[in-house]
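Understanding the architecture of this molecule
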Amino acid sequence: MPKGIFITLEGPDGSGKSTQVENIRAYFVSNGREVVVSREPGGTSISEKLRSIVLDNANAEMDDVTEMLIYAAARAQHVAEKIRPALERGAVVVCDRFVDSSIAYQGFGRNLGDQVSEVNRYATGGLEPDVTFFMDLDPEIGRARIGKDVRDRLEQQKLDFHYRVYDGYKALCDKYPERIVRIDASKTIDEIKGDIYSKLETLETLETLETL
Ligand code: TYD
């Protein structure tokens, strides 16, 4: 049985993650792998309910710590119910956002700092992605791609919040150079797909070597 592979995509809002999630799915499906695609906040029935609470524009009074804990609670359920079982049966799990989003948005954006990592380590039981693609795009460009009237509670935050989030991502790239692959998300969709596929090929070669 192949070993499970956990892949996450990260980046500012509007950086084109969901298109590339589908490309990654197609890559592994054509190689005959079981692929589980998911997203955060969400991915399970309970986590999707938490998603609607945390992103609801009506919840303007939400405290920053409450926000961080809701993301972590949604994640704990997602890991326990969906991600861990899939990895255990050898699937490739491709997830749009994971713990790095909480570190960038709540840790840096909301200035909650290091506690965010600790809470999330507890929530995930220490599960970490094998590879993370960081879709690197200036937050102002990403934001302009999302129509003003469809922005959720987080997307509506002021631009300086989104620049702090971006700084958070850059700090994560420096801290985890082995895990996080920076992708220039200002390129065309096909160029980005090519960059991601070449990394996936290396990953598969490494996997094959490991099983020899
Ligand atoms: P996402 O589903 O990527 O947004 P959309 O599908 O609308 O593009 O994420 C929703 C928002 O939640 C996004 O602004 C990022 C934010 N977020 C956090 O602040 N912390 C987290 O831990 C996660 C997973 C997302």
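Residues numbered from 1 in each chain as written. Predicted model: local features only at pLDDT ≥ 70, side-chain atom pairs only at ≥ 80, totals over all residues. Heavy atoms only, no water.

**Considering the layout of surface pockets**
The computed volume of the largest pocket comes to approximately 450 Å³. Residue lining of the largest pocket: 22 residues in total, with Ile103, Ser117, Leu172, Lys175 and Tyr176 positioned closest to the centre. Elements with a contribution of two residues or more to the lining of the largest pocket: helix H4 (99-109), helix H5 (115-124) and helix H7 (159-175). By volume, the second largest pocket amounts to about 310 Å³. Together, 19 residues line the second largest pocket, and Asp13, Glu40, Pro41, Arg51 and Arg97 are the ones closest to its centre. Counting only elements with at least two residues in the lining of the second largest pocket, the list comes to helix H1 (17-30), helix H2 (45-55), helix H3 (64-88) and H4. In terms of residues, the lining of the second largest pocket owes the most to one element, H4, which gives 4 residues. When the residues that make up the lining of the second largest pocket are grouped by side-chain class, the tally is 5 nonpolar, 4 polar and 10 charged. (1 Å grid on protein atoms, 1.4 Å probe; cavity = no way out; pocket = protein on both sides within 12 Å on 5 of 7 lines; lining within 4 Å. Points joined across faces, edges and corners; volume = space filled by probe spheres on them. Helix = DSSP H or I, 4+ residues; strand = E, 2+ residues; numbered from the N terminus. Nonpolar A, V, L, I, M, F, W, Y, C, P; charged D, E, K, R; others polar.)

**Notes on the environment of Pro41**
By the element assignment, Pro41 lies in the loop between strand S2 (35-39) and H2. Along the sequence, Pro41 and Leu55 sit 14 residues apart, while their C-alpha atoms lie 9.1 Å from each other. The residues contacting Pro41, other than those within four sequence positions of it, are Glu48, Arg51, Val54 and Tyr71. (Contact = heavy atoms within 4.5 Å.)

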